[in-house]
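Inside the fold
Each chain is listed here by its residues.
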Amino acid sequence: MDKRVKFDFEIYFTNGGNIKGEDFRLDIAGVDITDKELADYIVKDLRLLMVRKTNIINKQIFNEPHKRKPINPAKSLNLLIDLSHIIEDGLITYKGLPAPIICDYLSREDSKQYYEEGTEFQIGKIEMVTNTGTYIDCPFHRFENGKDLSGMELEKFAELDAVVIRIPFSETLEITEDHLKNYEIRNKAVLIHTGWDIYWRTDTYFEKHPYLTQKAAEYLRDCDVKLVGIDSVNIDNTSGKARPVHTTLLSAEIIIVEHLCNLHLLPQEGFTFSAVPPKFKGMGTFPVRAFASILKNPD
């Protein structure tokens, strides 16, 4: 039977103000729908911008047919841009953590004894901590009962609509919620471009780096972003022992990507972001090949 949902809603905007609706009705495909799905539909169907927080109230589901056309903007792939650092033997990613050891387990020369002439293989061996190169943090990194790499859905890592927010380190190292306002970030990957990656593989990279404040992390959480990345050594201030940004974002299952690079090559919007790790169980961080897909309209 056809199902409809009736509900009230409140929508708050990042640049101030709000709208509210009562007894709003929509047709749904199944027998139930989550509050987040309703909020996402309203934001998209009304073509709202700068949405921060949404509340769905007094939800009721009942039988009644109604037809509406969804809005599905078409996109097509144009260009891939690599946003990850190269991992090589001896690389120091985070001061105090060991560098990776990358070597042959079976060299091409040694493999000759196993195969016919002209047939050679190499099998590599890597020993490293998971916080190496450009890597993601998922909830298990911070919380014992949080989802590990194997428990996170691919939708958390891959082909996310994304936006770049440019906050040069020459202007500030402390990134507050005010720096993040007036951007369309709901349901997107938010990539913080500070330019700090110019110090990659230098001692300066580890000292007095750009970071987000706790209030900034709470703002991103309330805006329901999907992922937050930064081109710095840590998304938190490492001058002390607290890590409120990791705590705030990972408790909401918002993925963190640290040590990004090449963000200066990206437009502010109009692209997707991917940073997919292997499906390891019992791991909360791991290196990724982070990249952006620049999109264009098919026409």
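First things first, this report covers the structure right here in the doc.

Rules used throughout
- Residues numbered from 1 in each chain as written.
- Predicted model: local features only at pLDDT ≥ 70, side-chain atom pairs only at ≥ 80, totals over all residues.
- Heavy atoms only, no water.
- Helix = DSSP H or I, 4+ residues; strand = E, 2+ residues; numbered from the N terminus.
- Buried < 20%, exposed > 50% of the residue type's maximum accessible area, 1.4 Å probe, protein only.
- Contact = heavy atoms within 4.5 Å.
- Areas by Shrake-Rupley, 256 points an atom, 1.4 Å probe, with all protein chains shown as cover.
- Salt bridge = Lys/Arg side-chain N within 4 Å of Asp/Glu carboxyl O.
- Core = buried A, V, L, I, M, F, W, Y, C linked by side-chain atoms within 4.5 Å.
- Patch = residues over 30% accessible without salt bridge, like charges linked within 9 Å, V, L, I, M, F, W, Y side chains within 5 Å.
- Polar contact = N/O pair within 3.5 Å; in protein donor to acceptor, adjacent residues only side chain to side chain.

Thoughts on the overall build of the chain
Along the backbone of the chain there are 5 helices and 16 strands. Dimensions of the chain along its principal axes, counting C-alpha atoms only, are 75 × 50 × 45 Å. Residue burial in the chain is summarised as follows: out of 299 residues, 42% are buried. In the chain, the share of contacts with a sequence separation of at least 24, taken over all contacts with a separation of at least 6, comes to 74%. Entry remark: accessible area of the chain is about 16,300 Å², with carbon and sulfur atoms responsible for 50%.

Some details on the pattern of salt bridges
Side-chain pairing between opposite charges can occur once the charged atoms of the two side chains come close. Evaluated as defined, the whole model comprises 17 salt bridges. The salt bridge involving Asp224 is made with Lys36; its shortest N-O contact spans 3.7 Å. Pair noted here: Asp224 is in the loop between helix H4 (214-222) and strand E12 (227-230) and Lys36 is in helix H1 (residues 35-45), with a separation of 188 residues, a long-range link. Classification of Asp224 by relative accessible area gives partly exposed; the value is 23%. Between Lys147 and Glu253 there is a salt bridge whose closest N-O contact spans 3.5 Å. Of the two residues, Lys147 is situated in the loop between strand E7 (135-137) and strand E8 (160-166) and Glu253 in the loop between helix H5 (244-251) and strand E13 (255-258); the sequence distance between them amounts to 106 residues. Residue Lys147 is classed as partly exposed on the basis of its relative accessible area, which comes to 27%.

As for the nonpolar core
Counting residues in hydrophobic clusters, the biggest one holds 26 residues, and the most contacted among them are Leu83, Ile136, Leu191, Leu266 and Phe273. At the level of secondary structure, the elements contributing two or more residues to this core comprise E8, strand E10 (189-193), E13, strand E14 (271-274) and strand E16 (291-296). Counting residues per element, this core draws most heavily on E8, which supplies 3 residues. Once residues lying within four places of it in the same chain are set aside, the contact partners of Leu191 are Leu83, Val163, Val164, Ile165, Leu227, Gly229, Leu260, Leu263, Leu266, Phe271 and Phe273.

Some thoughts on a nonpolar patch on the surface
Side chains of Tyr114, Tyr115 and Phe121 sit close together on the surface and give an oily, nonpolar patch of about 340 Å² of accessible area. Following the sequence through the fold, Tyr114 ends up in the loop between helix H2 (108-111) and strand E6 (123-127).

Comments concerning the environment of Thr172
Residue placement: Thr172 occurs in the loop between E8 and strand E9 (174-175). On a C-alpha basis, the gap between Thr172 and His209 in space is 9.8 Å, while along the polypeptide they are 37 residues apart. Excluding residues that lie within four positions of it along the chain, Thr172 makes contacts with Ile167 and His179. Side-chain polar atoms of Thr172 contact the backbone oxygen of Glu174, separated by 2.9 Å.

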